[in-house]
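Below, each chain spelled out in residue letters.
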Amino acid sequence: DGVDVQAGGERPEEWCTADSLTDFHVQYTVDRIASSPVTEDPYPHLYINNIFHPEVYLCMISSLPTSTKMYTPLFTKGERYSLQIMEDNVVGPAVANRPKGTSTKKDGKRSFEFIPQNNTDVNVPFWTKFAKLFGSDAIKLAFMHKMSRTLLLRTPDALKPKNTDQLHWNMALSRDVTGYSIGPHTDSYGKWVTVL
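Caption draft 1: The overall build of the chain, seen in detail. Looking only at helices and strands, the chain features six helices and seven strands. Counted from the first residue to the last, the chain has its helices and strands arranged as α-α-β-β-β-β-β-β-α-α-α-α-β. Out of the 196 residues belonging to the chain, those deemed buried represent 34%. Considering only intrachain contacts with a sequence separation of at least 6, the fraction spanning at least 24 residues in the chain is 68%. As displayed, the chain offers around 12300 Å² of accessible surface, 53% of which is attributable to carbon and sulfur atoms.

Here it is in structure tokens:
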């Protein structure tokens, strides 16, 4: 939504490298978060048009895997797949090391295998850089400050470094196909802000 390809057509495929993403693009997203109003009904939330710069959108679209081959099936039934690109602040596209429909947790931690940099099905350098930049403290704090009224209900110290430093991103590319849907639900208590 909101990608406006200017006259001259789409950017060439070779534009979408890790070096194409810069601090300028991060600041653009921080500014979009900061300038977006919080909607209170039915619960506090943001709906942000064009959260990424158009150049980033074009790069993301051209860098999406074209099949579910590298995604991890999340359930035994239904067509929902995930490709982890950041887990507990560790960055880099990875596939869950587990059979379909079983837990990724092993000894309390999720088990993943990193995808090699030269993989031809996933643009690993691009998604690694994407996770580093858009999983940065700048983006995390922008969301937390925007949702501060709700977060402060959990604890008055929600925005103090002792708490913000302990929070981390889990970031994944999700692919829902063949009519998959999920009804109303609450997220786990450990999630402070969910971004879709």
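And the narrative resumes.
Caption draft 2: View of the environment of Thr-66. Tracing the chain through its elements places Thr-66 in the loop between α2 (54–63) and β1 (72–73). Given the relative accessible area of 75%, Thr-66 is considered exposed. The spacing of Thr-66 and Asp-121 is 55 residues in sequence and 7.7 Å in space, taken between C-alpha atoms.

Caption draft 3: The arrangement of the nonpolar core in detail. Grouped together as the largest cluster of nonpolar side chains are 33 residues, with contacts concentrated most on Phe-52, Trp-127, Phe-130 and Ile-139. For this core, the secondary structure elements donating two or more residues are α1 (23–35), α2, β2 (79–87), α3 (124–134), α4 (137–146) and β7 (171–177). The dominant element in this core, judged by the number of residues it contributes, is α3, at seven residues. Look past the residues within four positions of Trp-127 in its chain and what remains in contact with it is Met-60, Ser-63, Leu-64, Ile-85, Pro-93, Val-122 and Leu-173.

Caption draft 4: The packing of α1 against α4, seen in detail. The contact between α1 and α4 brings their axes to 9 Å, and the two run at 5°. In terms of axis orientation, α1 runs roughly parallel to α4. From α1, Val-26, Thr-29, Val-30, Ile-33 and Ala-34 reach across to α4, where they touch Ala-138, Ile-139, Ala-142, Phe-143 and Lys-146. Counted by class, the contact of α1 with α4 contains eight nonpolar, one polar and one charged residues.

Caption draft 5: Highlighting the side chain of Ser-36. Structurally, Ser-36 is set in the loop between α1 and α2. Residue class for Ser-36 comes out buried when judged on its relative accessible area of 5%. When residues no more than four places from it in sequence are discounted, the contact partners of Ser-36 are Leu-46, Ile-48 and Lys-146.

Caption draft 6: Quick look at the pattern of salt bridges. Under the defined criterion, the tally for this structure stands at three salt bridges. Among the salt bridges present, the one from Lys-140 reaches Asp-137, with a minimum N-O distance of 3.5 Å. Within this pair, Lys-140 and its partner Asp-137 are both found in helix α4, separated by three residues, close to a single helical turn. On the basis of relative accessibility, which here comes to 9%, the residue Lys-140 falls in the buried class. The partner of Lys-160 in a salt bridge is Asp-157, with the nearest N and O atoms 3.3 Å apart. Under the relative-accessibility criterion, Asp-157 is labelled partly exposed at 21%.

Caption draft 7: α3, seen in detail. For α3, a buried count of eight out of eleven residues is recorded, marking the element as mostly surrounded by other parts of the structure. When we look at burial in α3, the residues that qualify are Val-124, Phe-126, Trp-127, Thr-128, Phe-130, Ala-131, Leu-133 and Phe-134. A side-chain oxygen of the first residue of α3 lies 3.2 Å from the backbone nitrogen of Phe-126; this N-cap is Asn-123.

What counts and what doesn't
Residues numbered from 1 in each chain as written. Predicted model: local features only at pLDDT ≥ 70, side-chain atom pairs only at ≥ 80, totals over all residues. Heavy atoms only, no water. Helix = DSSP H or I, 4+ residues; strand = E, 2+ residues; numbered from the N terminus. Buried < 20%, exposed > 50% of the residue type's maximum accessible area, 1.4 Å probe, protein only. Contact = heavy atoms within 4.5 Å. Areas by Shrake-Rupley, 256 points an atom, 1.4 Å probe, with all protein chains shown as cover. Core = buried A, V, L, I, M, F, W, Y, C linked by side-chain atoms within 4.5 Å. Axes fitted to C-alpha atoms, helices over the stretch in contact; angles between N-to-C directions. Parallel < 35°, antiparallel > 145°, perpendicular 65-115°, else oblique. Nonpolar A, V, L, I, M, F, W, Y, C, P; charged D, E, K, R; others polar. Salt bridge = Lys/Arg side-chain N within 4 Å of Asp/Glu carboxyl O. Polar contact = N/O pair within 3.5 Å; in protein donor to acceptor, adjacent residues only side chain to side chain.

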